[in-house]
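# Architecture at a glance
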Amino acid sequence: MTAEAAGVLLDYSKNRITNETLSLLIQLAEGSGLRSRIDAMFRGEKINVTEKRAVLHVALRAPKDASIVVDGENVVPQVHAVLEKMAGFSKSIRTGEWKGHTGKRIRNIVNIGIGGSDLGPVMAYEALRHYRDRSLAFRFVSNVDSTDFAEAVRDLDPAETLFIVSSKTFTTLETMTNAHSARAWSLEALGGDESSIAKHFVAVSTNASEVAKFGIDTANMFGFWDWVGGRYSMDSAIGLSTMIAIGPENFRTMLDGFHQIDEHFRTAPFERNIPVLMGLLAVWYTDFFGAETVAVLPYEQYLKRFPAYLQQLTMESNGKHVTLDGAEIAYPTSPIYWGEPGTNGQHSFYQLIHQGTRLIPCDFIAFGTSLNPLGRHHDILMANVFAQSEALAFGKTSDQVKAEGTPEWLAPQRVFEGNRPSNTILADRLTPEVLGKLIALYEHSVFTQGVIWQINSFDQWGVELGKVLAQRIIPELETAAEPELGHDSSTNALISRYRHLKESA
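Note that this is a predicted model, so its numbers are computed, not measured.

With that settled, the discussion passes to the nonpolar core. Ranked by size, the top nonpolar core spans 114 residues in total, and within it Trp227, Phe306 and Leu435 carry the most contacts. Ranked by residues supplied to this core, first place goes to helix H16 (residues 432-453) with 12 residues. Aside from chain neighbours lying at most four places away, what touches Trp227 is Ala54, Val55, Leu56, His57, Ala59, Leu60, Val70, Val75 and Val79. With 22 residues, the next largest nonpolar core counts Phe149, Leu156, Ile197 and Val211 among its residues.

This is how it looks when you write it as structure tokens:
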């Protein structure tokens, strides 16, 4: 029970499955129309039915000679035109050709975004830190909490700082609030000269009028398309900060890694198709065993933000309660994804996974070679990967515990039930190419799960209601006059208490 593609090995032998289980799960995939749905996505059909959009993150890493047609137009040349523009800009920053308003070279890059416009760039920056240009400093601002912005710029020289503002509409509340604070911070230090904005701000957006109104030269606006969902966008212009950090060649290598897994997902038989197998196992544990979470456990410090990135990818995609045709769902959909890098988690939450009352399937991610070899470190790290999956699978019986001389009264505390499922994903080393492969594996696993559950994995209406209500509440918090509140009694009381705290501060 192993599968391999593009240099990535999936060992799924430590799962609660037999050959019969696997055969039945594959029949489920076939009966759900997974093959036709895969083909429809790659053809550019509008499979995001609630928003009437194609779903084409696969086009972001397609080679130049590929053809993917949306509304009668091949979108691949558009993708490569943006990549070329990103590459030219990245080189100008990395070489020092681009100068700030005072003539100083840019040494600090601050990415301002939220959701997919932040989680992807942050994760990629941390994952590929080994390959980054060490002469440049990178910061990421997402939270509308002013502390996030204040701490990001506290020790930066505005004359050497470039802001990348990432918002498709250039109206996202959190992003634009932070962007306007950045604008004020920059202007204050640069003598209030409005023309300085064009030297210290660029935009990843499609709204040219709002970008120009902000003061950004639209020649330095990098676009993307409505067929790219935010959580699938890190290999689009949203990845501009990543390209600046690691260079255009490494970025293209990362795209090639994505593409290799795209092709594997598109063409491989289901019984050897790694994303399909991962997706089917997730459905198996969620719907047949009542598992509510999946732990993603990368044994690679550079992947410390990978579980957080996967949280949006998985739960924003498949956290749905109705089918594609709007019928109420009577079965569980997306599990909760979470995790921390090993071996840290072993001294934290592994106790629950080993001996707790909940079934928690695990994905172990590991590499044959360390990017920072140091004595015995990597052998010890890898020994822990293999030991943890073995311990979860086979545990320790009461007889084994007693045979070690454990007193009768203590033996139950030291018994490990075992039969706790896990996958192990193994590759050579963490390179830009391998990172692209890993992300694509999970993207297509999410797609597989969504097809089985008959849901739309590519909209996210669940994020809208809170946004709408927040826009209603903001003026009630800011007005000097006592507002007339029309919320529920709890919310009314909280607003009143906040206003009191604000007045007494």
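Moving on from the model shown.
Time to look at the environment of Ala59. Within the secondary structure layout, Ala59 lies in the loop between helix H2 (34-43) and strand S3 (69-70). By relative accessible area, which is 0% here, Ala59 ends up buried. In this structure, the C-alpha to C-alpha distance between Ala59 and Gln78, residues 19 residues apart in sequence, is 9.8 Å. Those residues within four positions of Ala59 in sequence are excluded, and the remaining contacts are Ile68, Val75, Val79 and Trp227.

Take unusual backbone geometry next. Residue Gly342 is joined to Thr343 through a cis peptide bond whose omega torsion reads 10 degrees. Topologically, Thr343 is positioned in the loop between strand S11 (336-338) and helix H13 (350-355). In the Ramachandran plot, Asn419 falls in the positive-phi region, its phi being about 60 degrees despite a non-glycine side chain. Tracing the sequence through the fold places Asn419 in the loop between helix H15 (398-403) and strand S13 (422-427). Of the residues examined, Asn419 reaches a relative accessible area of 43% and is grouped as partly exposed.

For the rest of this paragraph, the subject is the pattern of salt bridges. Following the criterion strictly, the structure yields 26 salt bridges and no others. Residues Arg61 and Asp262 are paired through a salt bridge, measuring 2.7 Å at the closest nitrogen-oxygen approach. Taken as a pair, Arg61 in the loop between H2 and S3 and Asp262 in helix H10 (residues 248-267) lie far apart in primary sequence, 201 residues in all. You'll find Arg61 and Asp262 in the same group, each marked buried. What you see here is one network of salt bridges that share partners, running through Arg61, Asp235, Asp262 and Glu443.

The N-to-C vectors of H10 and helix H11 (residues 274-288) enclose an angle of 70 degrees; their axes lie 8 Å apart at closest approach. Relative to H11, H10 is oriented roughly perpendicular. Taking contact as the criterion, the partners of Ile261, His264 and Phe265 in H10 are, on H11, Ile274, Pro275 and Val276. Of the residues assigned to the contact of H10 with H11, the class counts are 5 nonpolar, 1 polar and no charged.

Calculation rules
- Residues numbered from 1 in each chain as written.
- Predicted model: local features only at pLDDT ≥ 70, side-chain atom pairs only at ≥ 80, totals over all residues.
- Heavy atoms only, no water.
- Core = buried A, V, L, I, M, F, W, Y, C linked by side-chain atoms within 4.5 Å.
- Buried < 20%, exposed > 50% of the residue type's maximum accessible area, 1.4 Å probe, protein only.
- Helix = DSSP H or I, 4+ residues; strand = E, 2+ residues; numbered from the N terminus.
- Contact = heavy atoms within 4.5 Å.
- Salt bridge = Lys/Arg side-chain N within 4 Å of Asp/Glu carboxyl O.
- Axes fitted to C-alpha atoms, helices over the stretch in contact; angles between N-to-C directions.
- Parallel < 35°, antiparallel > 145°, perpendicular 65-115°, else oblique.
- Nonpolar A, V, L, I, M, F, W, Y, C, P; charged D, E, K, R; others polar.

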